[in-house]
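Chains, contacts and geometry: an overview
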Amino acid sequence: MEQRHFAVLVIGAGASGLGAAIRLAQAGVGDLAVLEKAGSLGGTWRDNTYPGCACDVPSALYSYSFAPNPEWTRAFAGQAEIRAYLQDTAERFGVTGKIRYGVEVTRAQWNARESIWELETSQGPYSARILVAGTGPWHEPLVPDLPGLDGFPGEVFHSARWNHGYDLAGKRVAVIGTGASAVQFVPEIVPEVGRLHLFQRTAQWVLPKPDHPVPGVERFLLRRFPALQRALRKAEYGAMETLGFGFRHPWLLRQVQRIGLAHLRLTVRDPALRRALTPDYTLGCKRLLMSNTYYRALTQSHVDVHPTAVRAVDGPRVIGADGSSAEVDAIIFGTGFHILDMPVSSRVFDGDGRSLDDHWRGSPQAYAGTTVAGFPNLYLLLGPSLGTGHSSAFMILEAQLRHTVAAVTRTLGAGWPSLSVRPEVQAKFNAEVQAALPGTVYQAGGCSSYYTDVNGRNSFSWPFSTGRLRSQVGTFAETDYEIGRIHAVSGD
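Further remarks concern the environment of Ala 227. Positionally, Ala 227 belongs in helix α6 (residues 226-247). When its relative accessible area of 45% is taken as the criterion, Ala 227 is described as partly exposed.

Listed below in structure tokens is the structure:
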């Protein structure tokens, strides 16, 4: 019979889930499985296949430190290459056989009496002593609830669900949203479409992207001399940390803005368009964007920039909040993801049947972004209050994995029924984070961003250095946790 109970279950086979499976297996945890709702691995880099999809973190840094890749063909790798890297890494470390595809977790509840997690899935029940959620924040597309959208007669899709079967050639297209995805796909589709209407609620800071092909000789040297790749990774980390210092000292970022303004001025000659594309907040307050082609694409004669939010859709027309409108054949949303209201939080329940959503009430909180009081033996990867505006998600992930693997192996090795972070430890951690945020660009930059939750609290950002993140988040201290007791069974 197919095994249904495991010591550890990992949800998701993206970068987070694969990293967890690899590190746990290396630590001697053999009784584990990865539940993946799709038919293949890759997570974000499987789902996002829009034209121009690529990373905005240097390739050598956007990878597992324990699995360096000397074969990146660009300084900033594209989607297909990153997905292939994840596939190759999973195979190299022998975890592909632990993945169960087509298994979507619909509910996970802690059974306090048995000290296990009981899961309901699309393929029947599973259970585990320990649950690791590698579902991440860049998972579920966010589509605005626009009046009249249901009645739009044309094609509608989100950038993360790109319809490659729809021919954009000669079409009138509305793009709603100007975040990281739109900055990449807009320049790719402008040469195809008949007319493009870009609805921009907020002007973005867009810096030049120092991207370039990696010459074959450089790849040979990185492959032949691994120390060179380690040095490159350290150099890229140092460069990003220099920028990160500015996120904690916003006045420095105002100097960096000069680069963005020069980039805009040199590319966009039309004064009216340049004014519409000039941000009115400090660089870094929103996610930092980089592109060498975005501004140029917006200067094309068949592109109209509407510097306004969208109010509604009326038949084939998209109506801006300023009264402007455009009749189009297709609408493409580049509006991001459910970052702070991740779907997994409505599917994970404590022993009393209260979900993470019920506990958080719109403001996600965890200890070290990883464990949540009241949810024993649960570990969240890329959880709340760990987001940085400048560094690699892999750096955050690996710090969490050190914490998680230490906690899991200690729990299993000692035979503890459960391990749960102490509420006062979680409260202290979050109080320190919130106290430090006002001095950062995330709070002091004068913008509205997805870092802020429905209660007006920044539940996304890490306000300290990544060195502190690696140290603090990466350290498991047994004294921060409560060890559960074995429940007595009637008749014993």
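Attention now goes to the environment of Ala 169. Within the secondary structure, Ala 169 sits in the loop between β7 (155-158) and β8 (172-176). Considered as a pair, Ala 169 and Ile 189 are 20 residues apart in the sequence and their alpha carbons are 8.8 Å apart.

Each strand in a sheet pairs with another by means of backbone hydrogen bonds, the pair being arranged parallel or else antiparallel. One open sheet holds the five strands; their spatial order is β7-β16-β8-β9-β12, and the pairing between them is parallel. What marks the edges here is a single partner per strand, and that holds for β7 and β12 (303-306). Across the sheet, the mean angle separating the axes of adjacent strands is 15° when strand polarity is ignored. Of the pairings in the sheet, the one linking strand β9 (residues 195-199) to β12 comprises four bridges and is parallel in character. Along β12, the bridge assignment pairs Phe 199 with His 306. Contacting β8, β9 and β16 (330-333), helix α4 (residues 180-189) runs over the sheet at an angle of about 170° to β8.

Further remarks concern the layout of surface pockets. In this structure, the second largest pocket occupies an estimated 350 Å³ of space. Looking at the second largest pocket, it is lined by 18 residues, and the ones nearest its centre are Leu 61, Ser 65, Arg 233, Glu 398 and Arg 470. Looking at the lining of the second largest pocket, the elements that each hand over two or more residues are α6 and α11 (393-414). Here the element with the most residues in the lining of the second largest pocket is α6; it accounts for six residues. Tallied by class, the residues present in the lining of the second largest pocket amount to eight nonpolar, four polar and six charged.

Okay, the packing of aromatic side chains next. By the definition in use, this model includes 22 aromatic pairs. These aromatic residues form a ring-pair network of at least three members: Trp 45, Tyr 62, Tyr 64, Phe 66, Trp 72, Tyr 85, Phe 93 and Phe 394. The aromatic ring of Tyr 126 is capped on one face by Arg 4, whose charged end is 4.5 Å from the ring centroid.

All right, on to the side chain of Thr 466 then. By the element assignment, Thr 466 lies in helix α14 (residues 466-473). Polar side-chain contacts of Thr 466 include one of 2.6 Å to the side chain of Glu 241. Leave out the neighbours within four places in its chain, and Thr 466 touches Tyr 237, Glu 241, Thr 388, His 390, Ser 391 and Met 395.

To continue, consider the state of the cysteines. Scanning the entire structure with this criterion turns up one disulfide. Paired through a disulfide, Cys 285 and Cys 447 show a sulfur-sulfur distance of 2.0 Å. With the S-S bond torsion at -90°, the cross-link from Cys 285 to Cys 447 turns out left-handed. Remark: Cys 447 occurs in the loop between α13 (441-444) and α14 and Cys 285 occurs in the loop between α8 (271-276) and β11 (289-290); sequence separation between them is 162 residues. Since its relative accessible area comes to 0%, Cys 285 is described here as buried. Using a relative accessible area of 22% as the deciding quantity, one classes Cys 447 as partly exposed. The thiol of Cys 53 is unpaired, and the distance to the nearest cysteine sulfur, on Cys 55, comes to 9.0 Å. Among the residues examined, Cys 53 registers a relative accessible area of 9% and is labelled buried. Residue classification places Cys 55 among the buried positions, given a relative accessible area of 3%.

Take the environment of Arg 317 next. Looking at the element boundaries, Arg 317 is found in strand β14 (residues 317-320). Spatially, the C-alpha atom of Arg 317 lies 9.4 Å from that of Ala 174, the residues being 143 residues apart in sequence. In contact with Arg 317, other than residues within four places in its own chain, are Ala 312, Ser 325, Ala 326 and Glu 327.

What follows deals with the packing of helix α1 (residues 15-26) against α11. Two numbers describe how α1 lies on α11: the axes approach to 10 Å, and their chain directions differ by 40°. Between α1 and α11, the angle is such that the two are oblique. At the point where α1 passes α11, the crossing takes the right-handed sense. In this structure, α1 uses Ala 15, Ser 16, Gly 19, Ala 20, Arg 23 and Leu 24 to contact α11, whose residues at the interface are Phe 394, Leu 397, Leu 401, Val 405 and Val 408. Classifying every residue of the contact of α1 with α11 by side-chain character gives eight nonpolar, two polar and one charged.

Bringing the sheet that holds β14 into the picture now. Reading across the sheet, the three strands line up as β13-β14-β15 and stay open at both edges, with antiparallel pairing between neighbours. Every interior strand has two partners, whereas the edge strands, β13 (310-314) and β15 (325-327), have only one. With direction set aside, neighbouring strand axes in the sheet form an average angle of 15°.

How each quantity is defined
- Residues numbered from 1 in each chain as written.
- Predicted model: local features only at pLDDT ≥ 70, side-chain atom pairs only at ≥ 80, totals over all residues.
- Heavy atoms only, no water.
- Helix = DSSP H or I, 4+ residues; strand = E, 2+ residues; numbered from the N terminus.
- Buried < 20%, exposed > 50% of the residue type's maximum accessible area, 1.4 Å probe, protein only.
- Pairing = 2+ DSSP bridges.
- Axes fitted to C-alpha atoms, helices over the stretch in contact; angles between N-to-C directions.
- Contact = heavy atoms within 4.5 Å.
- 1 Å grid on protein atoms, 1.4 Å probe; cavity = no way out; pocket = protein on both sides within 12 Å on 5 of 7 lines; lining within 4 Å.
- Points joined across faces, edges and corners; volume = space filled by probe spheres on them.
- Nonpolar A, V, L, I, M, F, W, Y, C, P; charged D, E, K, R; others polar.
- Phe/Tyr/Trp six-rings, centres within 6.5 Å; stacked < 30°, edge-to-face > 60°.
- Lys NZ or Arg CZ within 6 Å of the ring centre and 35° of its normal.
- Polar contact = N/O pair within 3.5 Å; in protein donor to acceptor, adjacent residues only side chain to side chain.
- Disulfide = S-S within 2.5 Å.
- Parallel < 35°, antiparallel > 145°, perpendicular 65-115°, else oblique.
- Left-handed = near helix turned anticlockwise from the far one by under 90°.

All quantities given are derived from atomic positions and should not be read as evidence of function.
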